Amino acid sequence: MKTAFITGATSGIGKATAKRLGNEGYKLILCGRRKEILEELARELSEKTDVYTLTFDVRNYDEVKTAIDSLPAEWKAIDVLLNNAGNAHGLEPLSEGKVSDWDMMMDGNVKGLLYVSKCIIPGMKERNSGHIINISSVAALLTYANGVVYCASKKAVKAISEGMRLELTEFGIKVSDLAPGAVETEFSEVRFKGDKDRAASVYSGYEALKAEDIADAISYVVNAPKHVTIADMTIYPSAQASPVQIHRK
C-alpha cells in the first residue's frame, strides 16, 4: 500500500485529492493548519484507508521539520508528495500591493513547497523511488496585471519542478507540475479577503473546474505506468482559452 503526503488537505484540491486517493487505497498523511477540519476528514476517510494527520504551517520551516520528523516509523516511507498548499492574496497593481500579502504568497507558495520537499526528498532518494506533484497555475504561463506577485510565485513553482526533475530523475523519482486554470474553490474568497460576492463573480457566466477535476488528473498522473512521467499538465475549464480569457454567457 502506497503512502501519499498531501499539504493543504483541509479544502479544495487537497481535500478532493485525499478523498480520491483514499478511495484508491493509498494511505494518507493529511496536512494543514485547521486541526478540526483535518480530524473530521480523517474520521471520514479512515473508514476506507489508514490516515495520519499533521497540523503545521508550511511557511514555518521549524514547524514543518518538527511535524515530519514526528511521523511514526511506519509512516515515514512516503511514495507520493502533493505540494498543494498555497494562496493568493489581493489583486492590486504592484505599486498599491500590500507587503503582507506578498509575504503570504511567496512564503506559502514558494518557500513552503521548498520546506516540505526538503524534508521528504532525502527519504525518496534513499529508497530510489517516489513521485512529487507540485500544483502551480496557469498564472505561471502568462503574467497578468494586478497579479504580478502571485504569478511570480507560481512561475517559481514551475521552475522548482523543472529543477527537481533534473536533480531527481536519476534516483527514480518522478516530478510532475500541474497548472490548473479557473477552479471554483475557496481560492478567490481568500484572495478577496472574505468578500463572497466578489469571489462568486470570478466564476459567474461559465462552468469552472471543480476540485474533483484536478483530483482526477492527479490520480491519472500518479497511477501512470512506471516508465511514464507526466512532466507538465495544463487544465482549463472548457470556457477558458488562456489565463486571462474566459468566455462568459
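Residues numbered from 1 in each chain as written. Predicted model: local features only at pLDDT ≥ 70, side-chain atom pairs only at ≥ 80, totals over all residues. Heavy atoms only, no water.

- As annotated in an unreviewed UniProt entry, the protein is NAD(P)-dependent oxidoreductase from Elizabethkingia meningoseptica.
- The record in UniProt for the protein states the following under Sequence similarities (unreviewed entry): "Belongs to the short-chain dehydrogenases/reductases (SDR) family." (UniProt positions renumbered as here; feature names shortened; annotations may be inferred.)

Some details on the packing of helix α4 (residues 99-127) against helix α5 (residues 148-168)
Phase 1: Relative to each other, α4 and α5 sit at 15 degrees, their axes nearing to 9 Å. The angle between α4 and α5 places the two elements in the roughly parallel class. Taken as a pair, α4 and α5 cross one another with a handedness that is right-handed. Here W102, M105, M106, N109, V110, L113, L114, S117, I121 and K125 of α4 lie close against α5, whose contacting residues are V149, Y150, S153, K154, A156, V157, I160, M164 and L168.
Phase 2: A class-by-class count of the residues in the contact of α4 with α5 yields 14 nonpolar, 3 polar and 2 charged. (Axes fitted to C-alpha atoms, helices over the stretch in contact; angles between N-to-C directions. Helix = DSSP H or I, 4+ residues; strand = E, 2+ residues; numbered from the N terminus. Parallel < 35°, antiparallel > 145°, perpendicular 65-115°, else oblique. Left-handed = near helix turned anticlockwise from the far one by under 90°. Contact = heavy atoms within 4.5 Å. Nonpolar A, V, L, I, M, F, W, Y, C, P; charged D, E, K, R; others polar.)

Focus on the packing of aromatic side chains
Phase 1: For the structure on display, the rule yields 2 aromatic pairs.
Phase 2: When the ring of Y52 is compared with that of W75, the centres are 5.6 Å apart and the planes differ by 40 degrees; the resulting orientation is tilted. Of this pair, Y52 sits in strand β3 (residues 51-55) while W75 is found in the loop between α3 (61-69) and β4 (80-83), placing the two residues 23 residues apart along the sequence.
Phase 3: Overall, the relative accessible area of 25% leaves Y52 in the partly exposed class.
Phase 4: Each ring, one from Y61 and one from Y115, has its centre 5.3 Å from the other, and the planes form 65 degrees; the classification is edge-to-face. Placement of Y61 in helix α3 and of Y115 in helix α4 is noted, with a sequence separation of 54 residues between them.
Phase 5: The side chain of K27 reaches across the aromatic face of W75, ending 4.4 Å from its centre. (Phe/Tyr/Trp six-rings, centres within 6.5 Å; stacked < 30°, edge-to-face > 60°. Buried < 20%, exposed > 50% of the residue type's maximum accessible area, 1.4 Å probe, protein only. Lys NZ or Arg CZ within 6 Å of the ring centre and 35° of its normal.)

What to know about the pattern of salt bridges
Phase 1: The full count for this structure, using the stated rule, is 8 salt bridges.
Phase 2: A salt bridge links D69 to K65; the nearest nitrogen and oxygen atoms lie 2.7 Å apart. Within this pair, D69 and its partner K65 are both found in helix α3, separated by 4 residues, close to a single helical turn.
Phase 3: By relative accessible area, which is 43% here, D69 ends up partly exposed.
Phase 4: The closest approach of N and O atoms between K111 and D107, which form a salt bridge, is 3.2 Å. In this pair, K111 and D107 are both assigned in helix α4, 4 residues apart and thus about one turn of the helix distant. (Salt bridge = Lys/Arg side-chain N within 4 Å of Asp/Glu carboxyl O.)

With respect to the sheet that holds β3
Phase 1: Read across the sheet, 7 strands follow the order β3-β2-β1-β4-β5-β6-β7 without closing on themselves; strand pairing throughout is parallel. The outermost strands of the open sheet, each flanked by one partner alone, are β3 and β7 (232-235). This sheet shows a mean twist of 15 degrees between the axes of neighbouring strands, independent of strand direction.
Phase 2: Two strands pair when backbone bridges link them, and strand β1 (residues 3-6) and β4 are joined in this way by 3 bridges, in the parallel orientation. Bridge pairing links A4 to V80 in β4.
Phase 3: Sitting on the sheet, α4 touches β1, β4, β5 (130-135) and β6 (173-180), and the angle it makes with β4 is about 170 degrees. (Pairing = 2+ DSSP bridges.)

Considerations on α4
Phase 1: Over its 29 residues, α4 extends 41 Å from the first C-alpha to the last, a length consistent with the 42 Å expected when each residue adds 1.5 Å.
Phase 2: Considering bend angle alone, the principal kink of α4 is centred on K111 and spans about 35 degrees.
Phase 3: Just beyond α4, the residue with positive phi is N128, at close to 55 degrees. (Expected span 1.5 Å × (residues − 1). Bend = angle between axes of the 7 residues up to and from the residue.)

Overview of a nonpolar patch on the surface
Phase 1: Taken together, the side chains of L141, L142 and V244 define a hydrophobic patch exposed on the protein surface, amounting to about 240 Å² of accessible area.
Phase 2: For L141, the location among the structural elements is in the loop between β5 and α5. (Patch = residues over 30% accessible without salt bridge, like charges linked within 9 Å, V, L, I, M, F, W, Y side chains within 5 Å. Areas by Shrake-Rupley, 256 points an atom, 1.4 Å probe, with all protein chains shown as cover.)

Topic: empty space enclosed by the protein
Phase 1: Considering all chains together, one arrives at 3 cavities of 30 Å³ or more under this definition.
Phase 2: In terms of lining, the largest cavity is formed by 17 residues, of which the most central are H89, E92, W102, M105 and N146.
Phase 3: Contributing elements (two or more residues each) for the lining of the largest cavity: α4 and α5.
Phase 4: Split by residue class, the lining of the largest cavity holds 8 nonpolar, 5 polar and 4 charged. (1 Å grid on protein atoms, 1.4 Å probe; cavity = no way out; pocket = protein on both sides within 12 Å on 5 of 7 lines; lining within 4 Å. Points joined across faces, edges and corners; volume = space filled by probe spheres on them.)

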